[in-house]
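Here are the chains, one letter per residue:
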Amino acid sequence: MALIIRSPLLDFLVISSISLVVLQQKSNAEDQLLMLQKPRLMKCRFDKIFQLGDSLSDTGNCIRESLCARRLLCGRFPYGMNFFQNTTGRCSNGMLMIDFIVAGATALSTENLAEEKIVNSVTNSSMSVQLDWMSTHFKSTYPTDRLAKLKKTLFLVGEIGGNEFNYGLFKGKTIKELRSMVPKVVQTIIQGVRTVISFGATRIVVPGNFPIGCIPIFLTQFRTNDSTAYDEYHCLQDLNNLAIFFNDHLKQAIQELKEQHSNIALVYGDYYNAYLWLLQNAMFIGFDKNSLLKACCGVGGDYNYGIQNQCGAIGVPVCTDPNTYISWDGVHLTEKAYSSLARWLIDDMLPKLNCHV
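The structure displayed is predicted, hence computed values, not measured ones.

Undergrad: Break down the nonpolar core for me, with residues and values.
TA: By size, the foremost hydrophobic cluster in this structure holds 89 residues, and its most contacted members are F155, I204, L250, L279 and I326. Of all the elements, helix α8 (residues 175-199) adds the most residues to this core, at 11 residues. Excluding residues that lie within four positions of it along the chain, I204 makes contacts with F155, V157, V193, V196, I197, I264, A265, L266 and V267. Counting 13 residues, the second-largest nonpolar core is a separate cluster that includes L73, C74, Y79 and C311.

And the structure:
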């Protein structure tokens, strides 16, 4: 299993991403990935970036895990069509946010999900499993003086935790039932952050969830003729409110942890507002105003998404220009969207990382 892990968005059925990303700045190519959008981040002089997460950040781990690979469509064309015309396991047409900043994984273990009567049939690589990978990696790579060697390292713990709700929604769980799971999911993430701190991390980003009510897979599954169910962006309000509820609990838990570790730069990654900014400014950035909630690679209904005809399946078409779409496959985003989100997030997080730039 490669130790390059990055974080992808919502992985239901379509994909599951395992993301323990380890990115080291050792070549010009890797430096260029970091500098594509915001060279200011280079001034932080991070020599490594580790990320735990799901398919929003997975750069190829899922295709190396037998269970995950069997259900993975991201490992076949047209995924990767704009990234050296090669499939890499990234759930997009090209690069992900982690590529610019520097899959179906869950925060809760398979056993904990089973207690909630939620089955994750895609991958067993929950956060605890990924932390074990990280621990093993550190023991073999930094047998001595680990704290000093991780001094210039950035850790991203997430985005993870969203798949618990994604899987639950498609298993018929109510919003109320999913809200009751939030404290357990958040505490699992926070315990993961504590573990990362114990490894020697001093600068950590903990991302929240996207407004899932704006994602084609959910817009398709929970489509309604009730106009009051939608907000000003034509997203489903109840689902977005669930994401806000989760994010608020996560932010509170991060704040409490910061008070216990005043020497740690612990930053909330505001994926939710980054996505809203993207919707608000989409046309200025070059996205098609008529396709903001549609999948580029997909077919069916108002959102170009059909659960029986997903991107990567035979005969499923791809839009002419993915750069004009936010959603790539109805679940994950396009390279252009990830690039824009990364630019916003870097601007938002950089002053909080104690980089002194």
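Undergrad: Now, about the confidence of the model for the protein chain: what can you tell me, with residues and values included?
TA: Keep in mind that low pLDDT regions are not for reading the predicted coordinates in detail. For the protein chain, per-residue confidence averages 79 on the pLDDT scale, and residues scoring 70 or more make up 73% of the total. Note on residues 1-19: pLDDT is under 50 here. Beyond four places in sequence and across chains, it has 164 contacts. Low pLDDT (under 50) marks residues 118-123, which in the prediction has 28 contacts with non-local residues, meaning those over four places away or in another chain.

Undergrad: Could you give me a rundown of the state of the cysteines, with the residues and numbers involved?
TA: Scanning the entire structure with this criterion turns up 3 disulfides. The disulfide that involves C297 links it to C311, with 2.0 Å between the sulfurs. Negative torsions about the S-S bond denote left-handed disulfides, and the value of about 95 degrees found for C297 with C311 makes this one right-handed. Separated by 14 residues along the polypeptide, C297 in the loop between α12 (282-285) and α13 (335-349) and C311 in the loop between α12 and α13 bring together distant segments of the chain. With respect to class, C297 is no different from C311; both count as buried.

Undergrad: So what's going on with the environment of V206? Residues and values would help.
TA: Mapped onto the secondary structure, V206 falls in strand β6 (residues 203-207). In this structure, the C-alpha to C-alpha distance between V206 and D270, residues 64 residues apart in sequence, is 8.7 Å. If we ignore the near neighbours within four places in the chain, the residues touching V206 are V157, I189, V193, L250, I254, L266, V267, Y268 and G269.

Conventions used here
Within each chain, residue numbers correspond to sequence positions counted from 1 in written order. Local features in a predicted model are, by the rule used here, given only for residues with pLDDT of at least 70; side-chain atom pairs are given and counted only at 80 or more, and totals for whole chains, interfaces and linings are based on all residues. To obtain the side-chain values, all non-hydrogen atoms of the structure were used and water was disregarded. To form a nonpolar core, buried Ala, Val, Leu, Ile, Met, Phe, Trp, Tyr and Cys residues must be joined to one another through side-chain atoms within 4.5 Å. Buried means the residue's accessible area, taken with a 1.4 Å probe over protein chains only, is under 20% of the maximum for its type, while exposed means over 50%, and partly exposed covers the values in between. Where helices and strands are cited, they refer to DSSP runs of H or I of at least four residues and of E of at least two residues respectively, numbered from the N terminus. Between two residues, a contact is recorded if the distance between any of their heavy atoms is within 4.5 Å. As a per-residue measure, pLDDT reflects the predictor's confidence and takes values from 0 up to 100. The criterion for a disulfide is a pair of cysteine sulfur atoms lying within 2.5 Å.

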